[in-house]
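Each chain is listed here by its residues.
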Amino acid sequence: MAQITFKSNSAAETLKTGRSIGKVILGGTILTLEGDLGSGKTLFVKGLAQGLKISQEITSPTFALIQIYHGGLELYHVDLYRLNEKEILELGLEDCWRNRVPTQPQNWALAIEWGNKAKAIFPKEKSIAILQLNFKILSKYSRNIKIEGPLECLKKIQTSLQKS
Ligand SMILES: Nc1ncnc2c1ncn2[C@@H]1O[C@H](COP(=O)(O)OP(=O)(O)OP(=O)(O)O)[C@@H](O)[C@H]1O
Ligand SMILES: [Mg+2]
């Protein structure tokens, strides 16, 4: 596991960060988003959706539990904040990565706010990349963003962030 850390100085910058990452993630990527309330997790997912060329509006999934959007990849967006262990198991997150045709490339990405609560059920397959993002509020408009994940994946993200 490698990691990169950087600062976002505005909401627009966090949105752009998500967009840059959405452009380079491969199908079969799980992104966990941790961090203070209002630190930018949902905003990041909006950017991610833009990078995946999703035109539907991204809303907070708190009540709908799982939001599904269609773009370059299918994007599943979940927020586990209010869910307990049993409710998380009942969500059926496994449907994202199970029962796929093995010869077909994975066509989905899963963005989970407070995803560490579901860590135990994540698949162990090497073909599935898990990116762990951590958001920290530094001041009204400034956030620290840390991304941990497979080196290859982070290299691509780094390049995409530099280009944006
Ligand atoms: N640099 C920044 N990055 C992200 N958001 C920012 C930044 N500066 C200000 N903001 C504001 O912070 C808020 C972030 O809200 P958002 O819903 O994305 O947070 P969240 O982490 O998903 O919160 P929650 O834990 O409640 O789901 C927005 O109102 C946004 O405009
Ligand atoms: Mg949120």
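Our subject is the structure that appears above.
What this report covers is the structure whose coordinates are included nearby. None of these values were measured; they are calculated from a predicted model.

Let's talk about the overall build of the chain
Per the secondary structure count, the chain includes four helices and seven strands. Written out in order from the N terminus, the α and β elements of the chain read β-α-β-α-β-β-α-β-β-β-α. Evaluated residue by residue, the chain yields a buried proportion of 36% over its 164 residues. In the chain, the share of contacts with a sequence separation of at least 24, taken over all contacts with a separation of at least 6, comes to 70%.

Section: the site of ligand 1
The environment of ligand 1 is made up of 19 residues, and the closest members are Thr-14, Gly-40, Lys-41, Thr-42 and Leu-43. Broken down by secondary-structure element, the contributors of at least two residues to the shell around ligand 1 are α1 (11-24), α2 (41-51) and β7 (142-149). Each residue belonging to the shell around ligand 1 can be placed in one class, and the counts come to five nonpolar, 10 polar and four charged.

Here's the deal with the packing of α1 against helix α4 (residues 151-163)
Closest axis-to-axis distance for the α1/α4 pair is 9 Å, and the angle between their directions is 130 degrees. When the axes of α1 and α4 are compared, the pair comes out oblique. In terms of crossing hand, the pair formed by α1 and α4 is right-handed. Here Thr-17, Ser-20, Ile-21, Lys-23 and Val-24 of α1 lie close against α4, whose contacting residues are Lys-156, Ile-157, Ser-160 and Leu-161. Partitioned by chemical class, the residues of the contact of α1 with α4 number four nonpolar, three polar and two charged.

Remarks on the sheet that holds strand β3 (residues 66-70)
As summarised here, the arrangement of the seven strands in space is β1-β7-β6-β2-β5-β4-β3, forming an open sheet in which the pairing is mixed. Each having just a single partner strand, β1 (2-8) and β3 make up the two edges of the open sheet. Neighbour to neighbour, the strand axes of the sheet diverge by 15 degrees on average, direction disregarded. In terms of strand pairing, strand β2 (residues 29-35) meets strand β6 (residues 129-139) through seven bridges, oriented parallel. Across the sheet, Gly-35 pairs through a bridge with Phe-135, a residue of β6.

Side note on the nonpolar core
Among the nonpolar cores identified, the biggest contains 34 residues, and Leu-31, Ala-111 and Ile-112 are the most heavily contacted of them. Sequence-distant contacts of Leu-31, defined by excluding residues within four places in its chain, comprise Ala-109, Leu-110, Ala-111, Ile-112, Leu-131 and Leu-133.

What about the environment of Leu-91?
Within the secondary structure layout, Leu-91 lies in the loop between α3 (85-90) and β5 (108-113). Once you skip the residues sitting within four places of it in the chain, Leu-91 turns out to touch Leu-65, Ile-66 and Val-78.

Here is what the cut-offs are and how they apply
Residues numbered from 1 in each chain as written. Chains lettered and ligands numbered in written order. Predicted model: local features only at pLDDT ≥ 70, side-chain atom pairs only at ≥ 80, totals over all residues. Helix = DSSP H or I, 4+ residues; strand = E, 2+ residues; numbered from the N terminus. Buried ≥ 20, exposed ≤ 12 C-beta atoms within 10 Å, placed from the backbone. Contact = placed C-beta atoms within 7 Å. Near = placed C-beta within 6 Å. Nonpolar A, V, L, I, M, F, W, Y, C, P; charged D, E, K, R; others polar. Axes fitted to C-alpha atoms, helices over the stretch in contact; angles between N-to-C directions. Parallel < 35°, antiparallel > 145°, perpendicular 65-115°, else oblique. Left-handed = near helix turned anticlockwise from the far one by under 90°. Pairing = 2+ DSSP bridges. Core = buried A, V, L, I, M, F, W, Y, C linked by C-beta atoms within 7 Å.

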